Structures are given as C-alpha cells and as structure tokens.
Amino acid sequence: MKNNLFFSFLLLFMYHGISQDSLATTSEVDTTIINTIVIRKTQERIKHIPRSAKLTNPHISFKKTRPLSKKFKRFRVPSFWIKTNHFGVRINEAAFVNWNAGGNNSITALGDLKFERNYKFRYIQWDNYLELRYGLNAQEDRKLRKSGDAIRMSSTFGYRKDTITNWYYSVKANLRTQFSNGYKYPNRESPISRFMAPGYFFFGAGTSYITPDQKFNLYTSPVTLKATYVLDQRLADNGAFGVKKAVKDVNGEIITPGETVFVELGFLITNTWQTNIAKNVKMKHRLSLYTDYLSSFGNVDVDWELNFDLTVNKYIKANIGTHIIYDDDILFDEIKDSNGLVTDSGVPRIQFKQILGVGVSYDF
C-alpha cells in the first residue's frame, strides 16, 4: 500500500513540474489535460468457487474404453434424398398326417418388393413409390392358384410457399395393374383380368398436407383424370371394368369392337398414415376415394388398405391386413341366355380381402 502511495505522489510531482512553455511548444497537438489519475487495486481472488467449476487438470484414463461396435463411416456430403428398399416373404402353411378331423395340406407364399425415393429441400418435395407384390397358393390335389398380384407406381411433386407451412401445391400421377391372368376358379379357360386389363392411371393437381416426419399425407385434387385401360380385346368386347362394350348383331357377331380405354374426370382424395400403436406394432393405412363429375357424380370408388406389422426381431415379422375395393364399373353375377348372350350385366359389389402371415423381411 505504501509503494502505491509513493508512486502516486511521484506522478503528481512530475505533472506539476511541466512548465506552461513546454505545453505551448506542443500546442499543435490536440491534447487533453488530465487532472485525475485512477490507480486500480489488484483484483482479489475468488473465495467461493461454484461446484460446477473444475479447476484441476483433467485425468484421462483408457481403462474403460471399448472398441467401436460399428465400422467407422467416412464423412459424406449430406443428401436430400431418402431411400427405402424393402423385400419381404410371408408364408402360411398347414400340414396334416393321419389327422382324424380331416384337412388338406396347403401352403401360401406372398412376396413383395417396395422402393421409395423421396426428395425434400426447402420448398420442394418429390415422392416416388413402387410396389411389386405376387403370391401363390398350393393345396393338396389342386393346381396352383394366385393369392396376390399387384403393381403400384406413384409420383407426387409438391411446392410450398415457405419452409414453415405443411401445405403443398401438388401434382400427382399413379398407375395400378397386375402381373398375370386372374381367373374365377375353378374355371381356368377364360381369364377375368390380365396385365393392363384393367390398368388404372390417375393424373391430377391439387394440394397436399404432409407432416415433417412424412408419416401423414393427405392429398385432395378437384381436377383428376382417371383412365381405365382394358388391353384385352375379349374383355373389352364384353365391356369389362366400365369400358364401352362391342356392338353385336342378333347372331352375336361383332359389328364394332369394344373400346379399350375409358376416361373420366373427377375429384380425388388420397390419404396415407403410419404410426406405432404399441412398442412392436406399426399400423399402415392407405385410402383412395374418387368420384366422376360427368357420368356418375356421387358414386364413390373406394380403395382402402389397412395393415398391422408385428415385429418379432430385425428380420422376422408378422402381418395382419385387410383390403376393401368398391368400384361401380366392376360388375358381378353376369347372366347369359342359352345362346351365350348377356341378358344381365350384373351389379357392383364390395370386394374384400384379408391377409394373415408370418415371414422374413429385409431392408437394404
């Protein structure tokens, strides 16, 4: 403390010893006369150290260090594409040996491939989906029968005005058909459906509501073109799946062949949603509703799938699902006279399919 006082008096003495003449010689320089000198005291050390502060040198130990469980991945440039590849096989089987209650040995196998390529960056979202599914059923003393058959392709392009909203201006196109012939068993001579008979193509524009996790997607389109293709002339001549049937004479000879394309313009609503309803149970829902403006407004075509995936482990899964279809252009219970002429084209009915299976699933 005494040293600080002595230093202060020394500075004051030197300051007052400067003459006015010497200041005048430096009048050309912009100067300010300081009358007070502040001498700061040394800051005191902290007495109370917070518990979170660690002032000691860290001690590094490798005794509890374990090797990496996964291979180290080099840095890659982030991609705005989300890719999904899925392959699955579901099998149902029943076998009987000297079974008193009776029964036929049977096995059903259903395979499916799913590919998704989804792009999302700021204002743009582009979703692409492809599903291929085919199944066969074999029973004792009976030929193979088809148990599942589907080809689905879908592409949706969306644009939003900012990065906050979940509403998109969207353009959507999708195609549905099947791989092989379908029969009304046990009749195997006259197929009731074939590849692109029918084939359904939708193309329209509207709006989509898509959540950030992309697990919920609601699409509404007030202007959608629906084209039904029946690329089998025999089915087209019979007017299958809503196309205009052939014009025949009294002897049943064809005068004008049936049309192979039926075009409609209407309103389309689609919705997909997936969520976990339990720890190892995932629900997947897909719904499509369509009504035509021109010919039958108010008659709604329904295509609804509901599936529950039960996960046993990474590769083994069980599946319970239902599929409901209603289309007033698909008729049942056709009636023909003795000459083979159609007297009653039939009525539309609800189509229902239920699936239960356990199988192997692999994502790559």
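Just above sits the structure.
As the structure is a prediction and not an experimental result, all values here were calculated from the model.

Enquirer: I'm lost on the sheet that holds strand β2 (residues 106–121) in this one. Help?
Expert: Where strands meet in a sheet, backbone hydrogen bonds hold them as pairs that are either parallel or antiparallel. Here we have 12 strands rolled up into a closed barrel, ordered β1-β2-β3-β4-β5-β6-β7-β10-β11-β12-β13-β18, and antiparallel in their pairing. With direction set aside, neighbouring strand axes in the sheet form an average angle of 20°. Relative to β2, strand β1 (residues 81–94) runs antiparallel, the two sharing 14 bridges. Considered in β2, the bridge of Phe 87 is made with Leu 113.

Enquirer: I'm lost on the packing of aromatic side chains in this one. Help?
Expert: The way to describe two aromatic rings as a pair is by their centre distance and the angle between their planes. The final tally for this structure, using the stated rule, is 14 aromatic pairs. Ring geometry for Tyr 183 and Tyr 185: centres 6.2 Å apart, planes at 50°, overall tilted. Overall, the relative accessible area of 23% leaves Tyr 183 in the partly exposed class. By relative accessible area, which is 25% here, Tyr 185 ends up partly exposed. Taking the ring centre of Tyr 219 as reference, the NZ or CZ of Lys 172 above it sits at 5.5 Å.

Enquirer: Sorry, what's going on with the environment of Asn 307 here?
Expert: Positionally, Asn 307 belongs in strand β12 (residues 300–311). Owing to a relative accessible area of 19%, Asn 307 belongs among the buried residues under this scheme. When the C-alpha atoms of Asn 307 and His 323 are compared, they prove to be 8.6 Å apart, with 16 residues separating the residues in sequence. With near-sequence residues (within four places) excluded, Asn 307 lies in contact with Lys 282, Met 283, Lys 284, Asn 319, Ile 320 and Gly 321.

Enquirer: Quick question: what am I supposed to make of unusual backbone geometry here?
Expert: Backbone geometry follows two general trends: most residues other than glycine have a negative phi, and most peptide bonds adopt the trans configuration. Residue Pro 186 is bonded to the preceding Tyr 185 through a cis peptide linkage, with omega at 10°. With respect to the secondary-structure elements, Pro 186 resides in the loop between β5 (167–177) and β6 (199–210). Here the amide bond leading from Ala 197 into Pro 198 is cis, since omega sits at 10°, within 30 degrees of zero. By the secondary structure assignment, Pro 198 is in the loop between β5 and β6. A positive phi is found at Arg 122, a non-glycine position, where the angle reads about 55°.

Enquirer: I keep staring at empty space enclosed by the protein and nothing clicks. Help me out?
Expert: The gaps of empty space that remain are located by a probe, the size of a water molecule, rolled over the atoms. The tally for this structure, following the rule as stated, stands at one cavity of 30 Å³ or more. For the largest cavity, the calculated volume is near 40 Å³. If you trace the largest cavity, you find it lined by Gln 125, Asp 127, Thr 156, Phe 157, Gly 158, Ser 170, Ser 208 and Ile 210. Those elements that provide at least two residues to the lining of the largest cavity are β3 (124–139), β4 (145–159) and β6. When residues of the lining of the largest cavity are assigned to their parent elements, the largest contribution, three residues, is made by β4.

Analysis parameters
Residues numbered from 1 in each chain as written. Predicted model: local features only at pLDDT ≥ 70, side-chain atom pairs only at ≥ 80, totals over all residues. Heavy atoms only, no water. Pairing = 2+ DSSP bridges. Helix = DSSP H or I, 4+ residues; strand = E, 2+ residues; numbered from the N terminus. Axes fitted to C-alpha atoms, helices over the stretch in contact; angles between N-to-C directions. Phe/Tyr/Trp six-rings, centres within 6.5 Å; stacked < 30°, edge-to-face > 60°. Buried < 20%, exposed > 50% of the residue type's maximum accessible area, 1.4 Å probe, protein only. Lys NZ or Arg CZ within 6 Å of the ring centre and 35° of its normal. Contact = heavy atoms within 4.5 Å. 1 Å grid on protein atoms, 1.4 Å probe; cavity = no way out; pocket = protein on both sides within 12 Å on 5 of 7 lines; lining within 4 Å. Points joined across faces, edges and corners; volume = space filled by probe spheres on them.

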